[in-house]
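# Descriptive analysis of the structure
What follows is the residue order along each chain.
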Amino acid sequence: MSIRSRHLSKNDLGFDSRTERNRKRSINSDGSFNIKRKNNFWTEFHVYQWVITCKWSTYWYTVLSIYVGANFLFASLYYLIGPENIVGIEGEGIIAYWQCFFFSLQSFTTVGYGGLHPKGMLCNVLAGYEAFLGLMTFALATGSLYGRFSRPEARIKYSPNALISPFKEGKALMFMLCNNKKGTLVEASAKVNFSWVEKDENGNDTRRFAILDLEIDRISMLALSWTLVHHITENSVLYDFTPEDYIKKDVEIYILVSAYDDTFGQTVHSRSSYIGSEIISNAKFRRPFFTDANGNTVMDVLSLGDYDLLS
């Protein structure tokens, strides 16, 4: 066994070593898995998980749709029972229907302005059921909204590219990251895995995996930027790679960052990846922070990942 092969591991990430040349990246740059699941919808779907993780626009659209849809449903039921069973409704046809709708809004939200109120057993039972349903709906909406706000999330910004840069009389693989929101991340740690495709003994394409040793894999506070550096020595799996090999061998670099978030009081995690076309050879990152005229250290998050090509 060679020195470099001692770092090989195909079980660290849970990905299959078998591969196809047209395979897309396993982890997208935003940390989401690029994997389509084939399963029974009702077995796969979990309401709470969906409510907590869906986009904000989708969340508010769903809440508003349920609210409006429920009131149209009850307005139709009131109208079928008869608008005359609601004291205060005047007019007929569409005018009476809209007054039923506004009575439904008052019942669903338990506001009850007093201008409209039900009479008769059937209408009172329906109004009471709607009030109960409204209370439960708003309780669930409030709980899900709190769950979304209180859910810890690591907003780590990664440099758009990984670089092969000069380092210690040689070269190194580097990429940068920083905290992309206000707050403090402490006890941050990083793990980097490297994968590539090569021929096995039968001539078939096989995906290999290796853990990359980092110069610094843990820092006490992530206040500024953090440059993760893998020194490419004779012991590194990257030692024999040429700039063309990163694309030719379908390279993908996986990053997992963990840190303790003081705001939420919990450990948060972040994922990202780089593919061969996102690895720039013979380049150097620009420093994304500086000291201003008042002596303050300024972290320019927008410039994170800017680099210069070396001659």
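See the structure shown above.
Below: a short report on this structure. (Residues numbered from 1 in each chain as written. Predicted model: local features only at pLDDT ≥ 70, side-chain atom pairs only at ≥ 80, totals over all residues. Heavy atoms only, no water.)

Counting 34 residues, the largest nonpolar core has Leu177, Phe194, Tyr246 and Ile253 as the members making the most contacts within it. Elements with a contribution of two residues or more to this core: β3 (156-158), β4 (162-167), β5 (170-179), β6 (185-199), β7 (205-212), β9 (225-231), β10 (252-261) and β11 (266-275). Ranked by the residues each element gives to this core, the list is headed by β6, at six residues. Apart from residues no more than four positions distant in its own chain, Tyr246 is found in contact with Ile164, Phe194, Ile232, Leu238, Phe241, Val251, Gly276 and Ile279. If you look at the next biggest cluster of nonpolar residues, it comprises 15 residues, including Tyr78, Ile89, Cys123 and Leu126. (Core = buried A, V, L, I, M, F, W, Y, C linked by side-chain atoms within 4.5 Å. Buried < 20%, exposed > 50% of the residue type's maximum accessible area, 1.4 Å probe, protein only. Helix = DSSP H or I, 4+ residues; strand = E, 2+ residues; numbered from the N terminus. Contact = heavy atoms within 4.5 Å.)

A separate point is the pairing of β6. β6 sits mainly inside the fold: eleven of its 15 residues count as buried. In this structure, β6 lies alongside β10, joined through nine bridges in antiparallel fashion. Directly across from Ala190, in β10, lies its bridge partner Val257. Bridge analysis of β6 against strand β8 (residues 218-221) gives three bridges, and the strand direction is antiparallel. (Pairing = 2+ DSSP bridges.)

With respect to the element layout, Tyr78 can be found in helix α3 (residues 56-81). By relative accessible area, Tyr78 is classed as buried at 0%. Along the sequence, Tyr78 and Tyr97 sit 19 residues apart, while their C-alpha atoms lie 8.4 Å from each other. Discounting residues that sit within four places of it in the chain, Tyr78 has contacts with Pro83, Ile86, Cys100, Phe103, Ser104, Ser107, Cys123, Leu126, Ala127 and Glu130. At 2.7 Å, the side chain of Tyr78 forms a polar contact with the side chain of Glu130. (Polar contact = N/O pair within 3.5 Å; in protein donor to acceptor, adjacent residues only side chain to side chain.)

The next thing to look at is a nonpolar patch on the surface. On the surface, a cluster of nonpolar side chains totalling about 650 Å² of accessible area is made up of Leu64, Val68, Phe72, Ile94, Ile95, Trp98 and Phe102. Looking at the nonpolar patch, the elements that each hand over two or more residues are α3 and α4 (94-108). Here the nonpolar patch gets four residues from one element, more than from any other, and that element is α4. (Patch = residues over 30% accessible without salt bridge, like charges linked within 9 Å, V, L, I, M, F, W, Y side chains within 5 Å. Areas by Shrake-Rupley, 256 points an atom, 1.4 Å probe, with all protein chains shown as cover. Salt bridge = Lys/Arg side-chain N within 4 Å of Asp/Glu carboxyl O.)

Under the criterion given, the structure shown has 22 aromatic pairs. Ring geometry for Tyr97 versus Trp98: centroids 6.3 Å apart, planes at 75°, classification edge-to-face. Aromatic side chains Phe194 and Trp196 sit 5.6 Å apart centroid to centroid with 35° between the ring planes, which places their arrangement in the tilted category. Among the residues examined, Trp196 registers a relative accessible area of 6% and is labelled buried. (Phe/Tyr/Trp six-rings, centres within 6.5 Å; stacked < 30°, edge-to-face > 60°.)

Now for the packing of α3 against helix α5 (residues 121-150). The contact between α3 and α5 brings their axes to 11 Å, and the two run at 180°. By the angle between their axes, α3 is roughly antiparallel relative to α5. Taken together, the residues that form the contact of α3 with α5 break down as 19 nonpolar, three polar and two charged. (Axes fitted to C-alpha atoms, helices over the stretch in contact; angles between N-to-C directions. Parallel < 35°, antiparallel > 145°, perpendicular 65-115°, else oblique. Nonpolar A, V, L, I, M, F, W, Y, C, P; charged D, E, K, R; others polar.)

Between the first and last C-alpha of α3 there are 38 Å, a value that for 26 residues agrees with the 38 Å anticipated at 1.5 Å per step. Buried within α3 we find Tyr59, Ala70, Asn71, Phe74, Ala75 and Tyr78. On its buried face, α3 sits against α2 (47-53), β1 (86-87), α4 and α5. Two residues or fewer past α3, Gly82 is found with a positive phi of approximately 125°. (Expected span 1.5 Å × (residues − 1).)

Quick look at α5 now. In this model α5 runs 43 Å from its N-terminal to its C-terminal C-alpha over 30 residues, within 8% of the 44 Å that 1.5 Å per residue would give. Along α5, the residues that are buried comprise Cys123, Leu126, Ala127, Glu130, Ala131, Gly134, Ser144, Gly147 and Arg148. In this structure, the buried side of α5 is in contact with α2, α3, β1, α4 and β2 (117-118).

Moving on, we get to the pattern of salt bridges. A complete count under the given rule lists six salt bridges for this structure. For the salt bridge of Glu198 with Arg208, the shortest nitrogen-to-oxygen distance reads 3.1 Å. Taken as a pair, Glu198 in strand β6 and Arg208 in strand β7 lie far apart in primary sequence, ten residues in all. Overall, Glu198 belongs to the partly exposed group, its relative accessible area being 29%. Assessed through its relative accessible area of 27%, Arg208 is described here as partly exposed. The shortest N-O distance in the salt bridge between Asp308 and Arg286 comes to 2.9 Å. In this pair, Asp308 is assigned in strand β16 (residues 307-309) and Arg286 in the loop between β13 (283-285) and β14 (289-291), connecting sequence segments 22 residues apart.

Moving on, we come to the side chain of Gln99. In this fold, Gln99 is placed in helix α4. Overall, Gln99 belongs to the buried group, its relative accessible area being 18%. Among residues more than four places away in sequence, those in contact with Gln99 are Gly88, Ile89, Glu90, Gly91 and Leu116.

Any functional reading would require information beyond the geometric quantities listed.
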